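This is what each chain is made of:
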Amino acid sequence: QVQLVESGGGLVQPGGSLRLSCAASGSIFSINAMGWYRQAPGKQRELVAAISSGGSTNYADSVKGRFTISRDNANNTVWLQMNSLRPEDTAVYYCSADLLAKDGYQYDYWGQGTQVTVSS
């Protein structure tokens, strides 16, 4: 079994910052890509940012220059630093991990989601 536990969401004013964390634990052999997705009410889940095990990153156009994804491979942790937040960033944010488990199989795991609300 593998668990992804997120933290760091909350309410912030426009222009503010938040840092999301996601720690993966359990029967993990290695993790390939890790990422953050978000889903706003009435909208489809969308990729926000992703990072490979080697540190290559990609971002949604809407967050480039404002959000930064990083990870600690030794501790199976990924972060999303969100600056200059806008009301349209309001959503439930989900952590994801593409990993090789100790049973030898590849899995995609998701966290439970953390709410980010940007409002004055």
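In this report, we go over the structure that sits alongside the text.

Here we look at the side chain of Arg38
Thinking step 1. Tracing the backbone through its elements, the reader meets Arg38 in strand β4 (residues 28-39).
Thinking step 2. A polar contact is formed between the side chain of Arg38 and the side chain of Ser62, at a distance of 3.3 Å.
Thinking step 3. Here Tyr93 takes part through its side chain, which lies 2.9 Å from a polar atom of the side chain of Arg38.
Thinking step 4. Beyond its immediate sequence surroundings of up to four residues, Arg38 is in contact with Gln44, Arg45, Glu46, Val48, Ser62, Val63, Phe67, Glu88, Asp89, Ala91, Val92 and Tyr93.

Examining the nonpolar core
Thinking step 1. Judged by nonpolar contacts, the single largest core of 32 residues is most densely connected at Trp36, Leu80, Met82 and Tyr93.
Thinking step 2. Among the elements of the structure, β1 (2-7), β3 (18-26), β4, β5 (46-51), β7 (67-72), β8 (77-82), β9 (91-101) and β11 (114-118) are those that each provide at least two residues to this core.
Thinking step 3. The leading source of residues in this core is β9, at six residues.
Thinking step 4. Among all residues touching Leu80, those that are not within four sequence positions of it are Leu18, Arg19, Leu20, Trp36, Val48, Ala49, Phe67, Thr68, Ile69 and Tyr93.

What about the packing of aromatic side chains?
Thinking step 1. One pass over the structure, following the stated rule, counts two aromatic pairs.
Thinking step 2. The ring of Trp110 carries the charged tip of Arg45 above its face, separated from the ring centre by 4.7 Å.

Quick notes on the pattern of salt bridges
Thinking step 1. Under the definition given, this model contains four salt bridges.
Thinking step 2. Asp61 is the salt-bridge partner of Lys64, the closest N and O atoms lying 3.1 Å from each other. An identical accessibility class is assigned to Lys64 and Asp61; each is exposed.
Thinking step 3. Among the ionic contacts, a cluster of salt bridges with common partners joins Arg38, Glu46, Arg66 and Asp89.

Digging into the environment of Asp89
Thinking step 1. In this fold, Asp89 is placed in the loop between β8 and β9.
Thinking step 2. The contact partners of Asp89, leaving out residues within four places of it in the chain, are Arg38, Arg66, Phe67, Ser84, Val116 and Val118.
Thinking step 3. Among the polar contacts listed, one links the side chain of Asp89 to the side chain of Arg66, at a separation of 2.8 Å.

So, unusual backbone geometry
Thinking step 1. For Asn76, which is not glycine, the phi torsion reads 50 degrees and is therefore positive.
Thinking step 2. Mapped onto the fold, Asn76 is located in the loop between β7 and β8.
Thinking step 3. If you check the backbone angles, Ser84 has positive phi at about 50 degrees while not being a glycine.
Thinking step 4. Positionally, Ser84 belongs in the loop between β8 and β9.

Here's the deal with the sheet that holds β3
Thinking step 1. Strand order in the open sheet made by the four strands is β1-β3-β8-β7, with antiparallel pairing throughout. Here the strands that pair on one side only, and so sit at the sheet edges, are β1 and β7. On average, each strand axis in the sheet is inclined to that of its neighbour by 15 degrees, with strand direction left out of account.
Thinking step 2. Across six bridges, the pairing between β7 and β8 is antiparallel. In the sheet register, Ser70 faces β8, and the bridge partner there is Trp79.

So, how was this worked out
- Residues numbered from 1 in each chain as written.
- Predicted model: local features only at pLDDT ≥ 70, side-chain atom pairs only at ≥ 80, totals over all residues.
- Heavy atoms only, no water.
- Helix = DSSP H or I, 4+ residues; strand = E, 2+ residues; numbered from the N terminus.
- Polar contact = N/O pair within 3.5 Å; in protein donor to acceptor, adjacent residues only side chain to side chain.
- Contact = heavy atoms within 4.5 Å.
- Core = buried A, V, L, I, M, F, W, Y, C linked by side-chain atoms within 4.5 Å.
- Buried < 20%, exposed > 50% of the residue type's maximum accessible area, 1.4 Å probe, protein only.
- Phe/Tyr/Trp six-rings, centres within 6.5 Å; stacked < 30°, edge-to-face > 60°.
- Lys NZ or Arg CZ within 6 Å of the ring centre and 35° of its normal.
- Salt bridge = Lys/Arg side-chain N within 4 Å of Asp/Glu carboxyl O.
- Pairing = 2+ DSSP bridges.
- Axes fitted to C-alpha atoms, helices over the stretch in contact; angles between N-to-C directions.

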